[in-house]
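Each chain is listed here by its residues.
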Amino acid sequence: AIESLMRPLRDRADPRTAALLHLGERQLQHAQAREALQASVTGLERSERLQQALFAIADLVWSGSAVPEMLRGIHAIVGSLMYAENFYIVLHDVRRDSLRFLYFADVEDAAPRDPDREIPMSSREHTLTWYLIRDGKPLMGRTDELRQQVSGPLAVFGPDSYDWLGVPLTRDGRVVGALVVQSYEPTVRYTDEDRTLLGFVARHVLAAVERRRSKDELEQRVRQRTLELAEANRGLQQEVAERQRAERLQAALFRIAALATADISQAEFYREVHAVVGTLLNARNFFIALL
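Residues numbered from 1 in each chain as written. Predicted model: local features only at pLDDT ≥ 70, side-chain atom pairs only at ≥ 80, totals over all residues. Heavy atoms only, no water.

Caption draft 1: Inspection of helix α3 (residues 67–79) at higher detail. Spanning 13 residues, α3 covers 18 Å between terminal C-alpha atoms, matching the ideal 18 Å at 1.5 Å per step. Listed as buried for α3 are Met70, Leu71, Gly73, Ile74, His75, Ile77 and Val78. (Helix = DSSP H or I, 4+ residues; strand = E, 2+ residues; numbered from the N terminus. Expected span 1.5 Å × (residues − 1). Buried < 20%, exposed > 50% of the residue type's maximum accessible area, 1.4 Å probe, protein only.)

Below, the structure written as structure tokens:
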């Protein structure tokens with residue numbers, strides 16, 4: 001494009017001017033090449049950070065850390081890619097039509113969120129999170145901009161932010177939650193690139209959460225099965241012990257009955273009975289009294 005624009009000027013110019021035009025053309029081409037190279041380097045660095053973030057998310061799943069610690073790690077990873085000081089993950093139970101705040105961090109709203117508490121969707125109707133899940137579309141911007149993006153009236157829930165970015169979490173085409181970052185800083189604004197990046201990361205966050213939940217459920221089933229087997233083993237051992245006691249008792253009774261007809265003295269008979277009783281229980285101290 002530069003060549004086609006500059007060629008007519010060079011053709012009509014004197015040799016010195018033409019040489020200067022040619023030199024300017026070369027410098028402009030070099031500047032454009034440097035700009036393209038810088039953009040390429042920036043893109044590669046961004047791709048490398050994203051790749052490292054995804055690997056780190058995958059590592060957290062199998063790290064053995066508790067779920068809250070894993071989620072704090074995910075928060076830190078998202079924060080390495082964009083401004084995410086205020087960040088939350090919410091899951092939607094389609095069957096019960098309820099929400100659970102799996103993770104919540106907000107500098108303006110310090111109230112804790114119980115990750116096991118179910119919140120009816122009806123209590124969050126027309127909020128940004130409600131629209132994310134109902135409409136399944138990313139939302140980004142200031143409050144007045146967000147009003148133009150939602151499909152109905154907007155109810156602001158909690159502190160109002162300078163900028164807000166949320167993406168739905170989807171599985172098999174169905175919305176199962178949302179991931180949100182927001183800014184209370186006037187100088188922090190999210191971009192289309194942030195929205196694309198957060199949407200990409202959200203898929204991996206959902207996969208990590210579900211893999212961890214599956215891992216925990218599997219471990220719970222293994223623990224439950226181990227307890228059941230241990231209980232069954234205890235029952236079997238008890239049954240064996242009771243059978244062995246019954247066999248010893250039966251053998252002792254047979255032995256006593258045999259002693260009653262044996263050709264032995266009375267004193268020896270009692271000594272033998274003492275010995276038989278001693279096979280059943282501690283009978284070091286033992287006497288028989290007749291009235």
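Caption draft 2: Just the pairing of strand β1 (residues 86–93), in detail. Counted residue by residue, β1 has 7 buried out of 8 residues, so it is predominantly covered. Bridging between β1 and strand β6 (residues 174–183) involves 6 bridges; their strand directions are antiparallel. Pairing of Leu91 across the sheet is with Gly177, part of β6. Where β1 and strand β2 (residues 98–105) come together, 7 bridges link them in antiparallel fashion. Pairing of Ile89 across the sheet is with Tyr103, part of β2. Between β1 and β2, which pair antiparallel and follow one another directly, the connecting turn spans 4 residues, one of which, Asp97, has a positive phi of 50°. (Pairing = 2+ DSSP bridges.)

Caption draft 3: View of the packing of aromatic side chains. Tallied over the entire structure, the rule returns 6 aromatic pairs. Plain terms: the ring middles of Phe101 and Phe104 are 5.8 Å apart, the flat faces sit at 85° to each other, and that makes the pair edge-to-face. For Phe101, a relative accessible area of 8% translates into the label buried. Note that Arg113 overlies the ring of Phe104, its terminal NZ or CZ placed 3.9 Å from the centroid. (Phe/Tyr/Trp six-rings, centres within 6.5 Å; stacked < 30°, edge-to-face > 60°. Lys NZ or Arg CZ within 6 Å of the ring centre and 35° of its normal.)

Caption draft 4: Summary view of the sheet that holds β6. Read from one edge to the other, the open sheet built from 6 strands follows the order β3-β2-β1-β6-β5-β4, with strand pairing classed as antiparallel. The sheet terminates laterally at β3 (119–120) and β4 (139–141), the two strands that pair on one side only. Bridge count between β4 and strand β5 (residues 163–171): 3 bridges; the pairing is antiparallel. For Met140, the partnering residue across the bridge sits in β5 and is Leu165. This element, α3, spans β1, β2 and β6 of the sheet and lies at about 65° to β2. (Contact = heavy atoms within 4.5 Å. Axes fitted to C-alpha atoms, helices over the stretch in contact; angles between N-to-C directions.)

Caption draft 5: Here's a closer look at the nonpolar core. Judged by nonpolar contacts, the single largest core of 35 residues is most densely connected at Val78, Ile89, Leu179 and Val181. Within the residue set of this core, elements represented by two or more residues are α2 (15–61), α3, β1, β2, β5, β6 and α6 (192–260). With 8 residues, α6 is the single largest residue contributor to this core. Ile89 has contacts with Leu71, Arg100, Phe101, Leu102, Tyr103, Leu169, Ala178, Leu179 and Val205, leaving out every residue within four places of it along the chain. Counting 19 residues, the second-largest nonpolar core is a separate cluster that includes Ile119, Tyr131, Leu146 and Val150. (Core = buried A, V, L, I, M, F, W, Y, C linked by side-chain atoms within 4.5 Å.)

Caption draft 6: A look at the pattern of salt bridges. One pass over the full model with this rule turns up 10 salt bridges. Two residues, Arg243 and Glu239, come together in a salt bridge whose shortest N-O distance is 3.3 Å. Taken together, the positions of Arg243 and Glu239, both in helix α6 and 4 residues apart, correspond to about one turn of that helix. In this structure Arg243 comes out as exposed when scored by relative accessible area, which is 52%. Assessed through its relative accessible area of 43%, Glu239 is described here as partly exposed. (Salt bridge = Lys/Arg side-chain N within 4 Å of Asp/Glu carboxyl O.)

Caption draft 7: Layout of the side chain of Ser161. Position of Ser161 relative to the elements: it lies in the loop between α5 (143–149) and β5. A distance of 3.4 Å separates the side chain of Ser161 from the backbone oxygen of Asp163, its partner in a polar contact. When neighbours within four sequence positions are excluded, Ser161 is seen to be in contact with Thr143, Gln182, Ser183 and Tyr184. (Polar contact = N/O pair within 3.5 Å; in protein donor to acceptor, adjacent residues only side chain to side chain.)

Caption draft 8: Molecular detail of the pairing of β5. Of all 9 residues making up β5, 7 are buried, and the element is well covered by its neighbours. The sheet contact formed by β5 and β6 spans 9 bridges and is antiparallel. From the neighbouring strand, Gly166 faces β6, where its bridge partner is Val180. Between β5 and β6, which pair antiparallel one after the other, the connecting turn spans 2 residues, and Asp172 there sits at a positive phi close to 55°.

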